Amino acid sequence: MDTTPSAQPRPATTAAAAPNRRRVATAAALASAVEWYDYFVFGIAAALVLGDLYFPAGSSTAGVLAAFATFAVGFLARPIGGIVAGQLGDKKGRKPMLVLALTLMGVATTGIGLLPTYETIGVAAPILLVLLRIAQGVAVGAQWGGAMLLATEYAPEGKRGIYGSVVQLGVPIGVVTANTVFLLAGAFTSEPAFEAWGWRVPFLVGLLVLGLARYIHTRVEETPEFREAERSLAEKEQGEQTSPLRIIVRDHLGTVLLAGGSFAVNTATFYILITGVLDYTTRELDMEHGSVLAVSLCVSLTQLVLIPVSAALSDRFGRIRVYTVGAAGIAVWAVPLFLLIDTGSLVWLAVGTFVASCFLSIMYGPQAALFAELFTPEMRYTGASLGYQIAAVGGGGLAPFVMVLLLEATGTSLAVSGYIIALSVIALVSIKVLAGRARSR
């Protein structure tokens, strides 16, 4: 029995929309990739240099905690972007909100690359850094829903999972690109030069986002499902129309919270792997940061294959079934993961993070389609974005910070494994409830 949640029967995709599918899917994938690249370079920089440059303190741990707290601020801002863009995206269209999100991200990321340090402008430096990070958070909170819906609402019948996965591929592409640019910046500069200006280069690449925003604005059409929902809403009397956010809070808050609970373990484990482990291995295990970045890059490349494969499987066997396998796998692998990392061996680090990333990919592939199918088109941008961003705040934003605190408080990395297992249990319970609701429908 297929336990894939599905909102309502989809309107038939118009003939005019069919020729646009490839262009729209490509644009959505690129938008996701460049947006996540801009977002991830901050996490890498936080682990490597931002603590010393913007939060000088008596210990390296305090500086890293301050940098990771700033990293987490971006996640706290993501629901704001999701709510604002969701409201407008459900009323005005998916495309305008995606263009706005890309523009905001490009400006904020470039601003970080140009920002003077604490030594130059004093306390204004960390304040401005936090504000720019908030802008990044708002932008990525707005972006995911727009890109995801552009792809899934153009998808042919029965292929929403695989079309949604092109947006999910933006995450590993962003990670690979961010790691590559940092590796090149480190390779072509001395250590003093990297700390002085080399780390800024990855942020200045953010200017390219503005060109993509212009392309989407001029060349990509609105989705057929939104146009159908727009016509339906237009037939109602103005007095009968209700804010999408109000409908979600009044009638679908439980679904939003369950969606967030089902995904928090994925986003938390992901940021532990790409940011927390980078700090832990270089600061505590004395591993060379270039080698650790190279491992992260190689592991992320494997996700480019695993994410679309898992999405295609979800089209065949159901979103919930595939999603559950990933969540259970993360729980089982949490302890072996850190036992392997603690060896201090690059080979075992690669093995541990590779297996973990496999389970993350199994969840992440069908996630876009799963969240889209939980809500009807007139409230989909708002509902799906809120579910995703709640998971981002509860999981990803705090994960590197919590990891450092757990390591300092307990002295063992197995405490981090316990944190991942706890989130996995929440995910499995949330998935079970969502599956029950799907069966009842």
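Residues numbered from 1 in each chain as written. Predicted model: local features only at pLDDT ≥ 70, side-chain atom pairs only at ≥ 80, totals over all residues. Heavy atoms only, no water.

1. Description of the overall build of the protein
Next up, step 1: The helix and strand inventory of the protein stands at 19 helices and zero strands.
Next up, step 2: The proportion of buried residues among the 441 residues of the protein is 58%.
Next up, step 3: In the protein, 87% of the contacts between residues at least 6 apart in sequence involve partners at least 24 apart. (Helix = DSSP H or I, 4+ residues; strand = E, 2+ residues; numbered from the N terminus. Buried < 20%, exposed > 50% of the residue type's maximum accessible area, 1.4 Å probe, protein only. Contact = heavy atoms within 4.5 Å.)

2. Notes on a nonpolar patch on the surface
Next up, step 1: A cluster of nonpolar side chains, Tyr118, Ile121, Val123, Ile127, Leu128, Leu131 and Ile134, forms an exposed patch at the surface whose accessible area comes to about 580 Å².
Next up, step 2: Counting residues per element, the ones that place at least two in the nonpolar patch are helix 4 (118–121) and helix 5 (124–152).
Next up, step 3: Examining the composition of the nonpolar patch, we find that four residues originate from one element, helix 5, more than from any other.
Next up, step 4: By secondary structure assignment, the location of Leu128 is in helix 5.
Next up, step 5: Residue class for Leu128 comes out partly exposed when judged on its relative accessible area of 37%. (Patch = residues over 30% accessible without salt bridge, like charges linked within 9 Å, V, L, I, M, F, W, Y side chains within 5 Å. Areas by Shrake-Rupley, 256 points an atom, 1.4 Å probe, with all protein chains shown as cover. Salt bridge = Lys/Arg side-chain N within 4 Å of Asp/Glu carboxyl O.)

3. Comments concerning the pattern of salt bridges
Next up, step 1: One pass over the structure, following the stated rule, counts six salt bridges.
Next up, step 2: In this structure, Asp251 and Arg250 form a salt bridge, with 3.0 Å as the shortest nitrogen-oxygen distance.
Next up, step 3: With a relative accessible area of 55%, Arg250 lands in the exposed category.
Next up, step 4: The residue Arg283 makes a salt bridge to Asp279 at a minimum N-O spacing of 2.9 Å. Here the residue Arg283 and the residue Asp279 both occupy positions in helix 13 (residues 253–283), the gap between them amounting to four residues, near one helical turn.
Next up, step 5: Taken together, the salt bridges that share partners define one network made up of Arg160, Asp315, Arg319 and Glu373.

4. Considering the environment of Thr120
Next up, step 1: Examined against the element boundaries, Thr120 turns out to sit in helix 4.
Next up, step 2: Note: C-alpha distance between Thr120 and Leu53 (67 residues apart in sequence) is 9.8 Å.

5. Side note on the packing of helix 6 (residues 160–168) against helix 16 (residues 346–373)
Next up, step 1: Where helix 6 contacts helix 16, the two axes come as close as 7 Å, and the packing angle between them is 115°. One element, helix 6, and the other, helix 16, form an angle in the roughly perpendicular class. Relative to helix 16, the crossing made by helix 6 is right-handed. Of the residues in helix 16, those touching helix 6 at Arg160, Gly161, Gly164, Ser165 and Gln168 are Tyr364, Gly365, Gln367, Ala368, Ala369 and Glu373. (Axes fitted to C-alpha atoms, helices over the stretch in contact; angles between N-to-C directions. Parallel < 35°, antiparallel > 145°, perpendicular 65-115°, else oblique. Left-handed = near helix turned anticlockwise from the far one by under 90°.)

6. Topic: the packing of aromatic side chains
Next up, step 1: Inspection of every chain in the model, using the stated rule, returns nine aromatic pairs.
Next up, step 2: Measuring from centroid to centroid gives 6.1 Å for Tyr54 and Trp199, while their planes differ by 90°, and the two rings are edge-to-face. Note that Tyr54 is positioned in helix 1 (residues 21–54) and Trp199 in the loop between helix 8 (191–196) and helix 9 (201–204), a separation of 145 residues in sequence.
Next up, step 3: The buried category is assigned to Tyr54, whose relative accessible area is 1%.
Next up, step 4: An aromatic cluster is built from Trp144, Phe263, Tyr364, Phe371 and Tyr388, whose rings are joined through pairwise contacts. (Phe/Tyr/Trp six-rings, centres within 6.5 Å; stacked < 30°, edge-to-face > 60°.)

7. Quick notes on unusual backbone geometry
Next up, step 1: Even without a glycine there, the phi angle at Asp286 is positive, about 55°.
Next up, step 2: Here Asp286 shows up in the loop between helix 13 and helix 14 (289–317).

8. Let's talk about the confidence of the model for the protein
Next up, step 1: When pLDDT is averaged along the protein, the result is 82, and 89% of the positions lie at 70 or above.
Next up, step 2: Put simply, helix 11 (residues 224–234) is where the protein has its lowest mean pLDDT, 64, and helix 15 (residues 319–341) is where it has its highest, 95.
Next up, step 3: Predicted confidence for residues 1–17 stays below pLDDT 50, and this span has 42 contacts to residues more than four positions away or in other chains. (pLDDT = per-residue confidence, 0-100.)

9. Let's talk about helix 6
Next up, step 1: Helix 6 sits mainly inside the fold: seven of its nine residues count as buried.
Next up, step 2: Taken residue by residue, helix 6 has Arg160, Gly161, Tyr163, Gly164, Ser165, Val167 and Gln168 as its buried positions.

10. Regarding helix 16
Next up, step 1: Taking 1.5 Å per residue as the helical rise, helix 16 with its 28 residues ought to reach 40 Å, and the 40 Å between its terminal C-alpha atoms agrees with that figure.
Next up, step 2: Maximal helix bending in helix 16 amounts to about 45°, located at Gln367.
Next up, step 3: Sitting at the head of helix 16, Ser345 places a side-chain oxygen 3.2 Å from the backbone nitrogen of Val347. (Expected span 1.5 Å × (residues − 1). Bend = angle between axes of the 7 residues up to and from the residue. Polar contact = N/O pair within 3.5 Å; in protein donor to acceptor, adjacent residues only side chain to side chain.)

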